[in-house]
Amino acid sequence: LKLPSPIPQRALACRSRSPFSCGPIAMAALPKAFETIQKGLAEWNAAAVKRHQAIEEASSGEGDLVALEKQHSLTGTDDPLELAQFACAVAEKDEQHIKALQKKAITSKAEVESFASSEKQAVAGYVKSDKGLDLPKLAQDLKQVTDQGTEKVKAASAQLGEISSQDKAQRKSQGEILSSKFSSEQMGRMDDTQRVKEHKKLHLERIEKRQDVAAGVAATLCGDGMWKDTICSALKHQEAIAKVLASTDSLNQKSLDASQGNRDMEAIVEALEDAKASDEQKLLQCELHHDTLVRQKEDSGLSLAANLNQLQAILQQSQEQEKVHCDLNTKVLASRIQMARLKGNSKKTSERLSSAKKCLEPSKVDGEIWRTAAESHRDALRELIGEEVENNKERVKGALQAADFNIELSRTLINKVKEEISAEHAHVAGKLENCKAKLEEYQEAMESEDIDDPILVQGNIAQVETEQKSLGDQLDKCNKMRERLETGLKAAEDQSGALAALQTSLGCMPMDATERDCARDPADDCYEKFTLWGKGSANSAARRRGSPAACASSGALALSHADIARMVKREARQMFDQWRADLMFRPGSPSSSAAVSDVRDYVFPPETEVFSMATAADPPRQGQKQ
């Protein structure tokens, strides 16, 4: 098939003056040329017409890139219009975001000032409450309790020293001791036996009194009624102030937020500047690309015109070339639309950049004020809290040291009393063993068939049993005092642990070894150590060897029953006479109740002698009859 007349190539390659049209001459020439070629091309021609109409509609007005892309032969592939590299730069944030950050800076500054004010008021409240505890007065009160307790123990120790002290200047005579309890008239009615008995009784009373006073003072010293609640309140104030100190970290975060806000404002302006520069650069590139596409379109139009003149031979080739030509046309129109959009976007970006630059500096000033306020309040609060924490430690230090001193003094007093009670317990237990041995001796004597004076032996048995009961009561007192001291020592250890925990919580150092030695000195001064319990007399085995019963039962003497009976009677009579003579003529001799036993062999001053059954069991003196 041949065209009736050649299609003007200039008509196909014509560049329209309209920004989005390829020209009416070319659009009119193409369909007519195809209609004259072959009736079989009618459908293809209709599709081409429809396609070009769609391209014209998509390129009208502001232009529709999506509709143009659909008319491209490679629609559905990645970037068929080749405009991805010229996409408009989008700055997501502008003047409104900067103003929002400025508003946040102003609001946050007010919040920081309110927070700092409330925290200062809280710290002032804690400090006021801590000062209201009057910790120095608590330390003075604890010291006063210490002094009063040590004075009580000193007084009781001094009273005991009047009897038991080895210092003659401190020790008083028997008469002076008794005159403290009895009147001169009552003492005038007492014989030597009664005086010795009352003297021993007063001695025991003063020992028990000193032990009781020391245990009571120790319980008072380790009690936590005076200091525990106050120091715990001080600890709560310390912890509350520490929480306020931790809360200042939020001000540090506020400062960081303020600095970040200023950086965000600058980043918005920088993003707008980058977007503007990118749009301008892409606009230049897109113009060059558009010119290239226009030249390609013109070349394609010339080729299409030549191909249409040779349509019979190269119809298929012309169809493909028309497709390429149409694609290039859509690209040209799309690039023109994109250029218009880039120009508009660049203009808007310039306006947004100008507005953002105008409000940048005032906003940054407000942000800087916010940051400065946050850091200033943070530093002020930390300095205030640091000072108050140290002041709190200094106020509570005296009370803690006084309480620790009292607890250590309490433990020392309790240990001293325990040592004394242990010695007394061992002494009394030994004397009970001696009483038991003596009872066995007298029982053996009573069971002897040839005993001449059983009444005397029965009297001795009664006296030993009476003293055995007295010693049992004394042993019970020792056990009760032990239990009381153990309870007091446990209470002192518990209070020491509680006080150590408070010292650790408040950051105070406990007493060192030197300070603990100083705390023990008042106990050594007020609770003087006396030698209250002697080592006792000869053991029971020796007594049994010298006793009448032992002599009566010994198989070493070849005596008759009559001789043994006479010997027992004579020995008993000599013992009784000797005891009575000693009681009458020896000054300061002990009472008759002590004469039958040495179970209460206390250590008295040198002028006082202690009588025991060992004396009665000694061999006869020179000049006495066997």
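All residue numbers refer to position in the chain's written sequence, counted from 1. With pLDDT at 70 or above as the cut-off, local features in this predicted model cover only qualifying residues; side-chain atom pairs require 80 or more to be listed or tallied, and sums for whole chains, interfaces and linings still use all residues. Neither water nor hydrogens contribute to the side-chain values; these are computed over all heavy atoms in the structure.

## Things to note about the overall build of the protein chain
Regarding its fold elements, the protein chain presents 19 helices and 0 strands. Every one of the 626 residues in the protein chain was classed for burial, and the buried ones make up 42%. Residues are treated as being in contact if the distance between any of their heavy atoms lies within 4.5 Å. Across the protein chain, contacts joining residues at least 24 apart in sequence account for 83% of those joining residues at least 6 apart. A total of about 32900 Å² of accessible surface is found on the protein chain, and carbon and sulfur atoms cover 52% of it. Helix and strand assignments follow DSSP, with helices taken as H or I runs no shorter than four residues and strands as E runs no shorter than two, numbered in order from the N terminus. Burial classes follow relative accessibility: with a 1.4 Å probe on protein chains only, a residue under 20% of its type's maximum area counts as buried, one over 50% as exposed, and anything between as partly exposed. Reported accessibility uses the Shrake-Rupley method at a 1.4 Å probe radius. Residues are deemed covered only where the shown protein chains occlude them.

## A word on the environment of Ala258
Mapped onto the elements of the fold, Ala258 is located in helix 11 (residues 249-309). Given the relative accessible area of 1%, Ala258 is considered buried. Non-local contacts of Ala258, meaning those with residues more than four positions away in its chain, are made with Gly367, Trp370 and Arg371.

## Quick notes on the confidence of the model for the protein chain
Do not read the fine detail of predicted coordinates wherever pLDDT is low. As a per-residue quantity, pLDDT reports the predictor's confidence and falls between 0 and 100. Taken over all residues, the pLDDT of the protein chain has a mean of 75, while the share at 70 or more is 76%. Across the protein chain, element-level confidence peaks in helix 9 (residues 192-221) with a mean pLDDT of 87 and bottoms out in helix 19 (residues 613-616) with 33. Across residues 9-28, where pLDDT falls below 50, the model places 42 contacts with residues more than four positions away in sequence or in other chains. Considering only residues more than four positions removed or in separate chains, one finds that residues 586-626, a stretch of pLDDT under 50, has 106 contacts.

## Quick notes on the packing of helix 5 (residues 95-132) against helix 10 (residues 228-247)
Relative orientation and spacing of two packed helices are given, respectively, by the angle between their axes and the distance between those axes. Two numbers describe how helix 5 lies on helix 10: the axes approach to 9 Å, and their chain directions differ by 165°. On the basis of their axis angle, the class for helix 5 and helix 10 is roughly antiparallel. Helix 10 is crossed by helix 5, and the crossing has left-handed handedness. When helix 5 is examined against helix 10, the residues Phe115, Glu119, Val123, Tyr126, Val127, Ser129 and Asp130 are found in contact with a partner set consisting of Ala234, His237, Ala240, Ile241, Val244 and Ser247. In the scheme used here, Gly and all other residues not listed as nonpolar or charged are polar, with Ala, Val, Leu, Ile, Met, Phe, Trp, Tyr, Cys and Pro taken as nonpolar and Asp, Glu, Lys and Arg as charged. Tallied by class, the residues present in the contact of helix 5 with helix 10 amount to 8 nonpolar, 3 polar and 2 charged. Only the stretch in contact is used when fitting a helix axis, every axis being a line fitted to C-alpha atoms; angles between N-to-C directions are given from 0 to 180 degrees. Any angle between 65 and 115 degrees counts as roughly perpendicular, while under 35 counts as roughly parallel, over 145 as roughly antiparallel, and the rest as oblique. We call a crossing left-handed when the near helix sits turned anticlockwise from the far one by less than a right angle, and right-handed when that turn is clockwise.

## Some details on the nonpolar core
Think of a nonpolar core as a cluster: buried Ala, Val, Leu, Ile, Met, Phe, Trp, Tyr and Cys residues, connected wherever their side-chain atoms sit within 4.5 Å. Of all hydrophobic cores here, the largest spans 20 residues; its most connected members are Leu138, Trp227, Ile231, Val396, Leu400 and Leu506. Every element with two or more residues in this core is listed here: helix 6 (135-164), helix 10, helix 12 (311-447) and helix 13 (454-506). Sort the elements by how many residues they give to this core and helix 12 lands first, with 6 residues. When near neighbours in sequence (up to four residues on either side) are disregarded, Leu400 contacts Ile231, Leu499, Gln503, Leu506 and Cys508.

## Details of the pattern of salt bridges
Salt-bridge detection follows one rule: a side-chain nitrogen of Lys or Arg within 4 Å of a carboxyl oxygen of Asp or Glu. The tally for this structure, following the rule as stated, stands at 24 salt bridges. Among the salt bridges present, the one from Arg411 reaches Glu408, with a minimum N-O distance of 2.6 Å. Separated by 3 residues within a single helix, Arg411 and Glu408 lie in helix 12, roughly one turn from each other. Salt bridges sharing common partners tie together Glu162, Lys172 and Arg206.

## A look at the environment of Trp227
The residue Trp227 is located in the loop between helix 9 and helix 10 in this model. Discounting residues that sit within four places of it in the chain, Trp227 has contacts with Leu138, Leu142, Ala403, Ile407, Gln495, Leu499 and Leu502.

## Some details on the side chain of Thr330
For Thr330, the position within the fold is in helix 12. Sequence-distant contacts of Thr330, defined by excluding residues within four places in its chain, comprise Ile55, Leu68, Gln71, His72 and Leu81.

## A closer look at unusual backbone geometry
A negative phi holds for most residues other than glycine; trans holds for most peptide bonds. A positive phi angle, close to 50°, is found at Asp79, a residue other than glycine. Topologically, Asp79 is positioned in the loop between helix 4 (65-71) and helix 5. Its relative accessible area of 34% is what places Asp79 among the partly exposed residues. One non-glycine residue with positive phi stands out, namely Glu82, at about 55°. For Glu82, the location among the structural elements is in the loop between helix 4 and helix 5. By relative accessible area, Glu82 is classed as partly exposed at 32%.

## Side note on helix 5
An α-helical segment advances 3.6 residues per turn. Residues three or four places apart therefore align on the same side. By this rule, a helix spans an expected 1.5 Å times one less than how many residues it contains. Relative to the 56 Å expected for 38 residues at 1.5 Å per residue, helix 5 spans 55 Å between its end C-alpha atoms, a close match to the ideal helical length. Listed as buried for helix 5 are Ile98, Gln102, Ala105, Ser108, Val112, Ala116, Glu119, Val123, Val127 and Asp130. One or two positions beyond helix 5, positive phi appears at Asp134, with a value near 55°.

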